[in-house]
Amino acid sequence: MSTNTKPSKVNESDLKERVVAINRVAKVVKGGRRFSFSAIVVVGDGNGVVGYGLGKANEVTDAIAKGIDDAKKNLIQIPMLKHTVPHEMEGKFSGGFVLIKPAAPGTGVLAGGPMRAVLESAGIKDVLAKSKGSSNPHNVIKATIDALLKMRAPHQIAFQRGVKLEKVFNG
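My aim in this report is to walk through the structure given alongside it, one point at a time.

Rules behind the numbers
Residues numbered from 1 in each chain as written. Predicted model: local features only at pLDDT ≥ 70, side-chain atom pairs only at ≥ 80, totals over all residues. Heavy atoms only, no water. Core = buried A, V, L, I, M, F, W, Y, C linked by side-chain atoms within 4.5 Å. Buried < 20%, exposed > 50% of the residue type's maximum accessible area, 1.4 Å probe, protein only. Helix = DSSP H or I, 4+ residues; strand = E, 2+ residues; numbered from the N terminus. Domains from an automatic or database assignment. Expected span 1.5 Å × (residues − 1). Polar contact = N/O pair within 3.5 Å; in protein donor to acceptor, adjacent residues only side chain to side chain. Axes fitted to C-alpha atoms, helices over the stretch in contact; angles between N-to-C directions. Parallel < 35°, antiparallel > 145°, perpendicular 65-115°, else oblique. Left-handed = near helix turned anticlockwise from the far one by under 90°. Contact = heavy atoms within 4.5 Å. Nonpolar A, V, L, I, M, F, W, Y, C, P; charged D, E, K, R; others polar. Arc of directions from axis to C-beta.

1. Regarding the nonpolar core
Here is step 1: Counting 25 residues, the largest nonpolar core has Ile100, Leu119, Ile124 and Leu148 as its most contacted members.
Here is step 2: Mapped by element, the contributors of at least two residues to this core are strand E2 (32-44), strand E6 (96-102), helix H2 (113-122), strand E8 (127-133) and helix H3 (137-150).
Here is step 3: Counting residues per element, this core draws most heavily on H3, at six residues.
Here is step 4: When we break this core down by domain, the ones giving at least three residues each are domain 1 (14-75) and domain 2 (87-161).

This is the structure:
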């Protein structure tokens, strides 16, 4: 259904990473507590390519590095229209539920926390977004990616329907 697949060759130096959340986990052992860290990271080129990754390690820096590597392996291409999303879409993952709407130029990114990181990394400059349900950053990021994956570019819709591009917008 959706043609959003792996992006055609992305230069790794163009990717900008953002750490969304770092979580410290304690394991109780004989000598006391042993701490490990998990980091969820979003990477994007600011031009319609975005990905997320999770890294776990005993040190924060190692966890972030692993998260960046994982995110680079999970890149997706999303459709954009004049620095916003082409149409309204809802995304869901587990308890996370997000709503993304296109916005007029100059609006900015009106989204909370993890959603903002994904949308800004993708290069979307004007968007209205609301996170409902779970506030867990893992679920919110995955729900946002789900919504972006379900997006369809206007020229694809016009081609599938066999009509001109203006007819897609004007009915």
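From this point, the discussion proceeds with the structure in view.
2. Some details on H3
Here is step 1: Helix length check: H3, at 14 residues, gives a terminal C-alpha distance of 20 Å against a target of 20 Å (1.5 Å per residue), a fit within 8%.
Here is step 2: Of the positions making up H3, those classed as buried are Asn139, Val140, Ile141, Ala143, Thr144, Ile145, Ala147 and Leu148.
Here is step 3: Between the side-chain oxygen at the start of H3 and the backbone nitrogen of His138 there is a gap of 3.0 Å, and the oxygen is on Asn136.

3. A word on the packing of H2 against H3
Here is step 1: At a minimum axis distance of 8 Å, the contact between H2 and H3 shows a crossing angle of 40°. Considered as vectors, H2 and H3 are oriented oblique to each other. Our pair here, H2 against H3, has a crossing hand that is right-handed. Here Pro114, Met115, Val118 and Leu119 of H2 lie close against H3, whose contacting residues are Pro137, Val140, Ile141, Thr144, Ile145 and Leu148.
Here is step 2: Residue composition of the contact of H2 with H3, grouped by class: nine nonpolar, one polar and no charged.

4. A closer look at helix H1 (residues 60-73)
Here is step 1: Over its 14 residues, H1 runs 20 Å from end to end, which matches the ideal 20 Å to within 8%, given 1.5 Å per residue.
Here is step 2: Burial in H1 covers these residues: Ala63, Ile64, Gly67, Ile68 and Ala71. All buried residues of H1 fall inside an arc of 140° around its axis, so they share one side.
Here is step 3: Buried residues along H1 sit in contact with strand E1 (16-29), E2 and strand E3 (49-57).

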